[in-house]
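One letter stands for each residue in the lines below.
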Amino acid sequence: MLTEPQFSVIIASYNAERTIANCLESLKNQETDKRFEIIVIDSSTDDTAVIVEKRFPQVRLYRFSERKFCGDARNFGVSVATGKIIAFIDADCVASNNWVDNILAAHNSTHPVVGGAIANGNPDSIVGWAAYFCEFSRWMPNTPSAWMADVAGANMSYKRKVFRDVGRFIERTYCSDTDFHWRLEKIGHHPQFVHSILVFHHNIDTFSRFILHEFDHGKSFAQVRVNGKKFSKLRRLLYVTFFFLIPLKLLLEIGFRNFKNRIYGIHFLKSLPLQIPGLISWSFGECVGYIGGKRNANSS
């Protein structure tokens, strides 16, 4: 009898019919001799689940009629996964061919959480480049491996015992992975970034969706931050008062990373006119989030 796989890959999918097949093909074609399971948690209203069922019968598919945010879906995935190492990749990502082996090699260490690099998966889109820099510049390829305060949910992995120590992801919101890593820090651990663990992320490629996405994420980030970092009313007021400085701060950080990294510099400059309204939209979202204050977190 075959033993249960020691490695589980969990994918939270929502209306991912354009990208899910490429994601699963990249996992199916991994250059590895290790057995691993693939779990898809789908709450789509499009044909994502149909594609998975027809083309990837080996995948463990769980369907939900109610929208599940990433944290909700990941919590369910962890509850049904069998692996001692649990990895997450987004439905709009393609894994490099040695992704599984590089994750397992990284977990031969004592690192409880390991994250990897994010490359741009749709480089022909100028909007895609703007979305990429606004969301993933901290984890560009060529970024040196190091301890980080946060790693991207699109490419992260955990030893199972971490969930016993830290608990579950908060639910019904974006930024649940960031909150999880803040709680990890409280018990004395930080995620380890390993640049050889690489995925290619397909970014938003329409301007209106990009702007709305940045606003929603900025708002969620502020609400999660108020709760996770225990922001006082005075601190919230200061952030609201000076929120107009947030886009400048973020843009300087993105520019500095590109200057150090020297891999996507020309694309950074070309997409700069689109990054600016995206970062402004994010800052307005943050402002609204700080005004609204704490959200009802659902974690354990």
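Computed from a prediction, not measured in an experiment: that's the story for all the values here.

1. Quick word on the overall build of the protein
No. 1: A tally of regular secondary structure across the protein gives 11 helices and nine strands.
No. 2: The C-alpha atoms of the protein give a radius of gyration of 19 Å, which matches the 19 Å a tight globule of 300 residues would have.
No. 3: In terms of its C-alpha atoms, the protein occupies a principal-axis envelope of roughly 65 × 40 × 40 Å.
No. 4: Long-range contacts, defined as pairs at least 24 residues apart, comprise 79% of the intrachain contacts of the protein with a sequence gap of at least 6.
No. 5: For the protein, the exposed surface amounts to about 14100 Å²; the carbon and sulfur share of it is 57%.

2. So, unusual backbone geometry
Most peptide bonds adopt trans geometry, and most residues besides glycine take a negative phi value.
No. 1: The phi dihedral of Asn-142 falls on the positive side, at around 80 degrees, and the residue is not glycine.
No. 2: Mapping Asn-142 onto the fold places it in the loop between α5 (126-136) and β7 (146-147).
No. 3: For Asn-142, a relative accessible area of 53% gives the class exposed.
No. 4: Non-glycine residue Arg-262 carries a positive phi angle of around 60 degrees.
No. 5: Locating Arg-262 in the fold gives a position in the loop between α10 (246-261) and α11 (265-292).
No. 6: Classification of Arg-262 as exposed rests on a relative accessible area of 63%.

3. A look at a nonpolar patch on the surface
No. 1: Residues Leu-234, Leu-237, Leu-238, Phe-242, Phe-244 and Leu-245 make up a contiguous nonpolar surface patch of about 620 Å² in total accessible area.
No. 2: Here Leu-245 lies in the loop between α9 (233-241) and α10.

4. Here we look at the packing of helix α1 (residues 20-28) against helix α2 (residues 48-55)
No. 1: At a closest axis distance of 10 Å, the pairing of α1 and α2 adopts a crossing angle of 35 degrees. As for how α1 packs across α2, the hand of that crossing is right-handed. Two secondary-structure elements touch here, α1 through Ile-20, Ala-21, Leu-24 and Glu-25 and α2 through Thr-48, Ile-51, Val-52 and Arg-55.
No. 2: Considering only residue class, the contact of α1 with α2 consists of five nonpolar, one polar and two charged.

5. Remarks on the packing of aromatic side chains
No. 1: Taken as a whole, this structure holds 29 aromatic pairs when the rule is applied.
No. 2: One aromatic cluster in this structure is built from Trp-129, Tyr-132, Phe-133, Phe-136, Trp-139, Tyr-264 and Phe-268.
No. 3: Directly above the aromatic system of Phe-64 lies the positively charged group of Lys-68, at a separation of 4.6 Å from the ring centroid.

6. Structural notes on the pattern of salt bridges
No. 1: Considering all chains together, one arrives at 12 salt bridges under this definition.
No. 2: The residue Lys-34 makes a salt bridge to Asp-33 at a minimum N-O spacing of 3.1 Å.
No. 3: Glu-253 is the partner of Lys-249 in a salt bridge, and the nearest nitrogen-oxygen pair spans 2.7 Å. Of this pair, Lys-249 and Glu-253 both sit in helix α10, four residues apart, which is roughly one turn of that helix.
No. 4: Taking relative accessible area as the criterion, Glu-253 reaches 27% and is therefore assigned partly exposed.

7. A word on the state of the cysteines
No. 1: In total, this model carries zero disulfides according to the counting rule given.
No. 2: No disulfide involves Cys-93; its sulfur sits 6.8 Å from the nearest other cysteine sulfur, which is in Cys-23.
No. 3: We classify Cys-93 as buried; its relative accessible area is 1%.
No. 4: No disulfide involves Cys-134; its sulfur sits 14 Å from that of Cys-175, the nearest cysteine.

Reading the values: the criteria
Residues numbered from 1 in each chain as written. Predicted model: local features only at pLDDT ≥ 70, side-chain atom pairs only at ≥ 80, totals over all residues. Heavy atoms only, no water. Helix = DSSP H or I, 4+ residues; strand = E, 2+ residues; numbered from the N terminus. Rg over C-alpha atoms; globule rule 2.2 N^0.38 Å. Contact = heavy atoms within 4.5 Å. Areas by Shrake-Rupley, 256 points an atom, 1.4 Å probe, with all protein chains shown as cover. Buried < 20%, exposed > 50% of the residue type's maximum accessible area, 1.4 Å probe, protein only. Patch = residues over 30% accessible without salt bridge, like charges linked within 9 Å, V, L, I, M, F, W, Y side chains within 5 Å. Salt bridge = Lys/Arg side-chain N within 4 Å of Asp/Glu carboxyl O. Axes fitted to C-alpha atoms, helices over the stretch in contact; angles between N-to-C directions. Left-handed = near helix turned anticlockwise from the far one by under 90°. Nonpolar A, V, L, I, M, F, W, Y, C, P; charged D, E, K, R; others polar. Phe/Tyr/Trp six-rings, centres within 6.5 Å; stacked < 30°, edge-to-face > 60°. Lys NZ or Arg CZ within 6 Å of the ring centre and 35° of its normal. Disulfide = S-S within 2.5 Å.

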